[in-house]
Structures are given as structure tokens and as C-alpha cells.
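# Chains, contacts and geometry: an overview
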Amino acid sequence: MEDSNEVVLEKYNLKSWFKSSVLGFFIGLAIIVPGISGSTIAILFKLYNKLIYALGNILKKFASCFLFLLPIIIGGLVGIVLGFFTIKELINLIPFAVSGLFAGLMSGSAPTVFNEIKGQKFSLFRIILLIVGILLPVILTVVTTLYSKNETTLVLDQDYYQYPLCILIGFVVAITQLIPGLSASAFLMSIGYFNHLVNSVSISFLKEHPLYLLIFLCLILGFIIGIIVVSKLINYLLSKFKITTFFMICGFVVGSIFAILFNPDIYQVYLSWASNDGNMVLDLPIGIVLCVVGFAITLFFFFYEKKKKSLQNYTIF
């Protein structure tokens with residue numbers, strides 16, 4: 001095939017194990033922070049290919065894939081818990097600043113991703129994939145923002161059709177975590193589920209609505225199925241058509257920057273600024289500063305890794 005590339009999952013040392021656990025931590029946060037997907041964070045950590053490979057081959061090569069995923073899973077669980085109880089409060093206080101930081105991190109990481117297609121042939125098909133990659137998250141986030149539902153009285157466990165529906169929703173959420181530029185929270189907002197699911201994470205609510213546990217189990221089941229199925233598809237594309245696939249991924253990265261700064265939650269922030277109800281005086285300048293800082297950090301690491309690699313090549317030759 002055009003650019004077949006086998007992924008190798010090396011055994012962890014202390015440094016790489018910690019790096020993967022931090023990746024998992026931020027993936028957990030990405031589920032909470034609007035406009036961000038887990039795959040976007042994986043790209044920042046340069047572990048996207050390996051993550052997709054491990055997820056897609058978990059049943060075939062369970063031992064090696066599970067050991068690779070273990071620190072990511074542990075970090076992800078910590079990130080989700082911390083996201084619910086800490087980051088969510090921070091988002092309520094300075095939502096634009098949080099999104100600004102991630103937008104900066106994503107912008108600074110763009111050269112790393114585009115480096116994958118540097119020097120490659122720009123065929124018409126690849127250009128179309130690049131454009132589609134940019135437009136898809138932009139169109140989805142605009143549509144979900146303009147047509148998001150905000151019902152506050154919905155109790156999911158009152159309608160039994162919700163259980164199989166939640167399996168499908170979990171499947172779609174898995175897709176948003178595997179494709180850069182898509183957001184689980186934005187998708188859940190668009191169908192009116194986000195606030196209800198977040199608010200249901202409390203002991204008092206679950207005591208009143210114990211069947212919500214079944215709702216969560218259905219979501220988890222759909223999510224697991226989606227992770228396995230979709231990661232296999234993406235892994236196949238990366239293994240057989242890596243460069244061509246990365247043209248679309250590069251588009252997703254560009255589109256995801258827009259999605260981070262324009263999604264249902266952030267749109268409400270902009271509306272509050274326009275009506276002088278929001279905390280624009282604090283939120284906007286902090287957001288701009290964090291965006292610049294995030295951009296500078298990831299760009300610094302890009303040039304650091306590039307210089308390090310060139311020095312290694314110089315030493316070899």
C-alpha cells in the first residue's frame with residue numbers, strides 16, 4: 001500500500017508511563033471541557049497513532065495493548081473525577097479562559113501534526129480530505145450551537161426507550177473522542193443530555209432515581225463498543241494510508257481550534273458578555289494570556305524535539 005506503517009508499543013519506563021498517565025488525565029478533562037476531544041489531547045502528546053493502535057487491537061493483542069492503555073485509563077479516571085468536581089467550577093467562573101488555554105495548546109501543536117505531511121504530494125483527493133477535515137468540526141459545532149437543546153426537566157429513566165438510545169449515544173461519544181475536532185460535551189448539549197448527565201452525578205440524585213445507574217451502564221456499553229469498532233477503522237486507515245489519513249487529521253486540528261472557541265457553552269458566554277451579564281473583564285484577558293502561553297509552550301516543545309532529532313542525526317552521521 002501507499003504508506004503502510006506498523007505501530008510498535010514499546011515497554012514503559014518511568015518517564016513514558018508518567019507521560020501516558022498525564023495524557024489520560026487530560027483526556028478525562030477533555031470529556032468535561034466543551035469543544036475538546038481525547039484524540040486532540042493525544043495529538044498534543046504525540047501518542048495518537050499508538051493510542052488508536054492499542055484500542056483497535058485490544059482484543060487481538062490484549063496483554064501489550066492493555067499494559068499500554070493502563071496508565072492512560074488510570075489518568076483518565078482521575079481526570080474525569082477532578083473535572084466534575086474542580087474544572088467544572090473553574091469553567092463556571094472563567095469558561096473562556098479555560099477554552100483559551102486549550103485553543104493555544106492546540107494551535108501550538110499544529111506544526112507537529114502538519115509535519116507528518118511535510119514534503120508529501122498534494123493530490124486533489126488529499127486536498128479535499130484536508131478541507132473536509134477543517135469544515136466537519138466547524139459545521140458540527142455551529143449546528144450544535146445554534147440548535148442545542150437546554151431542557152431542564154428531562155428525567156431520562158422515565159422512558160424505557162432511553163436505554164437502547166443511550167447505547168447509541170455512548171457509541172457516538174466514543175467517535176467524538178477518537179476523531180480530533182469533535183467534542184463529546186458539544187454533542188450531548190446538542191441533544192439535550194449534557195446538563196442532565198452532569199447534574200445526575202450526585203448521591204442524592206441517584207437515590208431518587210436509581211435507574212440512572214442503568215442509564216450510565218448503557219452509555220458505558222455503547223462507549224466501549226464504539227471505541228473498539230471505530231478505533232479498528234481508524235487504525236486500519238493509519239496502517240494502510242497513513243499520509244492520506246493525516247491530511248484529514250490536519251484538517252481536524254485546524255477545525256478543532258474553532259470548535260474550542262465556538263461551541264454551545266462558549267456561545268452562551270459570548271451572549272452574556274454582549275448583555276453585560278458575564279465576567280468579561282476577568283475572563284477575556286486571562287483567556288488571551290493563557291492562549292498565548294499554551295501556544296508558546298507547545299510550540300517550544302515542537303522546536304525542542306525538532307532540534308533534538310537533528311542533533312541525533314548529526315551525531316549518527
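### Concerning the overall build of the protein
Scanning the protein for helices and strands turns up 14 helices and zero strands. For the protein, the proportion of its 317 residues judged to be buried stands at 47%. Across the protein, the fraction of contacts at a sequence separation of at least 24, relative to all contacts at a separation of at least 6, is 81%. Working note: accessible area of the protein is about 16,500 Å², and carbon and sulfur atoms make up 73% of it.

### As for the nonpolar core
One finds L23, I41, Y48, L69 and I234 to be the most contacted residues of the largest nonpolar core, which totals 48 residues. Broken down by secondary-structure element, the contributors of at least two residues to this core are α1 (14-32), α2 (38-44), α3 (48-56), α4 (62-93), α5 (95-114), α7 (162-178), α11 (212-240) and α12 (242-261). Take this core: its biggest share by element is nine residues, from α12. Within the second largest apolar cluster, 12 residues are counted, among which are V173, A184, C218 and L219.

### Observations concerning the packing of aromatic side chains
One pass over the structure, following the stated rule, counts 11 aromatic pairs. Taking the centre distance of 5.7 Å and the plane angle of 5° together, the rings of Y12 and F68 count as stacked. Highlighted residues: Y12 in the segment before α1 and F68 in helix α4, separated in sequence by 56 residues. Judged by its relative accessible area of 24%, Y12 falls in the partly exposed class. Clustering of aromatic rings is evident, with ring pairs tying together F96, Y270 and W273.

### Considerations on helix α13 (residues 264-274)
Among all positions in α13, only P264, I266, V269, S272 and W273 are buried. Trailing α13 by a residue or two, N276 shows a phi angle of about 60°, which is positive.

### Some details on the side chain of N235
By the secondary structure assignment, N235 is in helix α11. In contact with N235, not counting residues within four places along its chain, are I52, Y53 and N57.

### Description of the confidence of the model for the protein
Chain-level pLDDT for the protein is 80 on average; 85% of the residues reach the 70-or-more range. Taking the mean pLDDT of every element in the protein, the minimum, 68, falls on helix α8 (residues 184-190) and the maximum, 89, on α11.

### Re the packing of α3 against α11
Here α3 crosses α11 at 125°, and the two axes come no closer than 7 Å. When the axis of α3 is compared with that of α11, the two are oblique. At the point where α3 passes α11, the crossing takes the left-handed sense. Between α3 and α11, the contacting residues are Y48, N49, I52, Y53, L55 and G56 on the first element and I227, I228, S231, K232, I234, N235 and L238 on the second.

### Things to note about the side chain of N57
One can find N57 in the loop between α3 and α4. Sequence-distant contacts of N57, that is, excluding residues within four places in its chain, are made with F62, C65 and N235.

### Comments concerning the environment of I288
With respect to the helices and strands, the residue I288 is situated in helix α14 (residues 280-316). Residue class for I288 comes out partly exposed when judged on its relative accessible area of 45%.

### Examining the packing of α5 against α13
In helix packing, the relevant descriptors are the interaxial angle and the interaxial distance, both defined with respect to the helix axes. Across the interface, α5 lies against α13 with an axial gap of 10 Å and an inter-helix angle of 130°. Viewed along their axes, α5 and α13 adopt a mutual orientation that is oblique. For the pair α5 and α13, the sense of crossing is left-handed. Of the residues in α13, those touching α5 at P95, F96 and S99 are I266, V269, Y270 and W273. Of the residues contributing to the contact of α5 with α13, the split by class is six nonpolar, one polar and no charged.

### Some details on the environment of F223
Turning to its location among the elements, F223 is positioned in helix α11. The spacing of F223 and Q177 is 46 residues in sequence and 9.7 Å in space, taken between C-alpha atoms.

### Brief notes about a nonpolar patch on the surface
Among the surface-exposed residues, F122, I127, I131, L135, I139, V143, L146 and Y147 lie close enough to one another that they form a single nonpolar patch of about 790 Å² accessible area. Mapping L135 onto the fold places it in helix α6 (residues 124-146). For L135, a relative accessible area of 42% translates into the label partly exposed.

How each quantity is defined
Residues numbered from 1 in each chain as written. Predicted model: local features only at pLDDT ≥ 70, side-chain atom pairs only at ≥ 80, totals over all residues. Heavy atoms only, no water. Helix = DSSP H or I, 4+ residues; strand = E, 2+ residues; numbered from the N terminus. Buried < 20%, exposed > 50% of the residue type's maximum accessible area, 1.4 Å probe, protein only. Contact = heavy atoms within 4.5 Å. Areas by Shrake-Rupley, 256 points an atom, 1.4 Å probe, with all protein chains shown as cover. Core = buried A, V, L, I, M, F, W, Y, C linked by side-chain atoms within 4.5 Å. Phe/Tyr/Trp six-rings, centres within 6.5 Å; stacked < 30°, edge-to-face > 60°. pLDDT = per-residue confidence, 0-100. Axes fitted to C-alpha atoms, helices over the stretch in contact; angles between N-to-C directions. Parallel < 35°, antiparallel > 145°, perpendicular 65-115°, else oblique. Left-handed = near helix turned anticlockwise from the far one by under 90°. Nonpolar A, V, L, I, M, F, W, Y, C, P; charged D, E, K, R; others polar. Patch = residues over 30% accessible without salt bridge, like charges linked within 9 Å, V, L, I, M, F, W, Y side chains within 5 Å. Salt bridge = Lys/Arg side-chain N within 4 Å of Asp/Glu carboxyl O.

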